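Listed below are the residues making up each chain.
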Amino acid sequence: MNNQHRKELVDYWLERAGDSVKSSESELQAGRLAFAINRMYYALFYAVTASLAAQGKKLGKHSAVRAAFHRDFVRKGKVHKSYGRLYDELFNARQQGDYLPLVKFDRAVVKSQLSEVKRFTGSTGASSVWL
């Protein structure tokens, strides 16, 4: 992968992450908490995929991206452990919200998680905490 292609991939995944954050805000505002969680999870997934692409890595499976995030960023101290926990929480919550019936989520918790997702992805206007 040449540098131009790598930059295009990183930009693409970061744009997807930003779009997912915006979508999660809309879903939260409308009270569709399972959909907000889905979009928050994908914002993290896309942001981590962008960082992996910046390193020349191309992983598509959710389990592979999650494992690489923990191995390459959380365990090495490049990302605070709280973001590893957030990623795991949203991974699990998305699974529940997408595949289990009658799952309920707490709006205050989802709102707090969205704040952390925005901070992590740099969608608050501040620079990302890890890229």
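In this text, all values refer to a predicted model and were calculated from it rather than measured experimentally.

It is not clear to me how the overall build of the protein should be interpreted in this structure. Could you clarify?
Check the secondary structure of the protein and you find five helices and zero strands. Helices and strands in the protein line up, N terminus first, as α-α-α-α-α. At 14 Å, the protein has a C-alpha radius of gyration in line with the 14 Å of a compact globule built from 131 residues. For the protein, the spread of C-alpha atoms along the three principal axes comes to 45 × 25 × 25 Å. Summarising the internal contacts of the protein: among those between residues at least 6 apart in sequence, 60% fall at separations of at least 24. Carbon and sulfur atoms form 50% of the exposed surface of the protein, whose accessible area is close to 7400 Å². For the protein, the separation between the mean place of its 22 positive charges and that of its 12 negative charges on side chains is 5 Å.

What am I meant to see in the packing of helix α2 (residues 33-54) against helix α3 (residues 62-74) here?
The relative placement of two packed helices comes down to the angle between their axes together with the axis-to-axis distance. Running from amino to carboxyl end, α2 crosses α3 at an angle of 65°, the nearest separation of the two axes being 10 Å. As for the relative orientation of α2 and α3, their crossing is left-handed in sense. Together, Y41, Y42, F45, V48, T49, S51 and L52 of α2 and H62, V65, A68, F69, D72 and F73 of α3 make up the contact between the two elements. For the contact of α2 with α3, the class distribution of residues is nine nonpolar, three polar and one charged.

Any chance you could explain the pattern of salt bridges here in plain terms?
One side chain can pair with another of opposite charge once the charged atoms of both are near each other. Tallied over the entire structure, the rule returns seven salt bridges. The closest approach of N and O atoms between D11 and K7, which form a salt bridge, is 2.6 Å. Here the residue D11 and the residue K7 both occupy positions in helix α1 (residues 3-29), the gap between them amounting to four residues, near one helical turn. For D11, a relative accessible area of 37% translates into the label partly exposed. Since its relative accessible area comes to 48%, K7 is described here as partly exposed. Between R94 and D98 there is a salt bridge, and its shortest N-O distance comes to 3.1 Å. Here the residue R94 and the residue D98 both occupy positions in helix α4 (residues 81-99), the gap between them amounting to four residues, near one helical turn. Under the relative-accessibility criterion, R94 is labelled buried at 6%. By relative accessible area, D98 is classed as partly exposed at 33%.

I would appreciate a short explanation of the packing of aromatic side chains in the present structure.
The geometry of an aromatic ring pair is captured by the separation of the ring centres together with the interplanar angle, meaning the angle of the planes. Counted according to the given criterion, the structure contains 13 aromatic pairs. Aromatic pair Y42 and F45: ring centres 6.0 Å apart, planes at 75°, arrangement edge-to-face. Placement of the pair is Y42 and F45 together in helix α2, with a separation of three residues, close to one helical turn. Each member of the pair, Y42 together with F45, is buried. Taken together, the aromatic side chains of Y12, W13, Y41, Y42, F45, Y46, F69, F73, Y83, Y87, F91 and F120 make up a single cluster linked through ring pairs. Positioned above the aromatic ring of F91 is the side chain of R66, whose terminal nitrogen or guanidinium carbon lies 4.1 Å from the ring centre.

Mind showing me how you'd approach α2 here?
When the terminal C-alpha atoms of α2 are compared, their 32 Å separation across 22 residues agrees well with the 32 Å that a helix rising 1.5 Å per residue should span. The first or second residue beyond α2 is G56, which carries a positive phi of 85°.

The rules behind the values
Residues numbered from 1 in each chain as written. Predicted model: local features only at pLDDT ≥ 70, side-chain atom pairs only at ≥ 80, totals over all residues. Heavy atoms only, no water. Helix = DSSP H or I, 4+ residues; strand = E, 2+ residues; numbered from the N terminus. Rg over C-alpha atoms; globule rule 2.2 N^0.38 Å. Contact = heavy atoms within 4.5 Å. Areas by Shrake-Rupley, 256 points an atom, 1.4 Å probe, with all protein chains shown as cover. Lys, Arg positive; Asp, Glu negative; His and termini not counted. Charge placed at Lys NZ, Arg CZ, Asp CG, Glu CD. Axes fitted to C-alpha atoms, helices over the stretch in contact; angles between N-to-C directions. Left-handed = near helix turned anticlockwise from the far one by under 90°. Nonpolar A, V, L, I, M, F, W, Y, C, P; charged D, E, K, R; others polar. Salt bridge = Lys/Arg side-chain N within 4 Å of Asp/Glu carboxyl O. Buried < 20%, exposed > 50% of the residue type's maximum accessible area, 1.4 Å probe, protein only. Phe/Tyr/Trp six-rings, centres within 6.5 Å; stacked < 30°, edge-to-face > 60°. Lys NZ or Arg CZ within 6 Å of the ring centre and 35° of its normal. Expected span 1.5 Å × (residues − 1).

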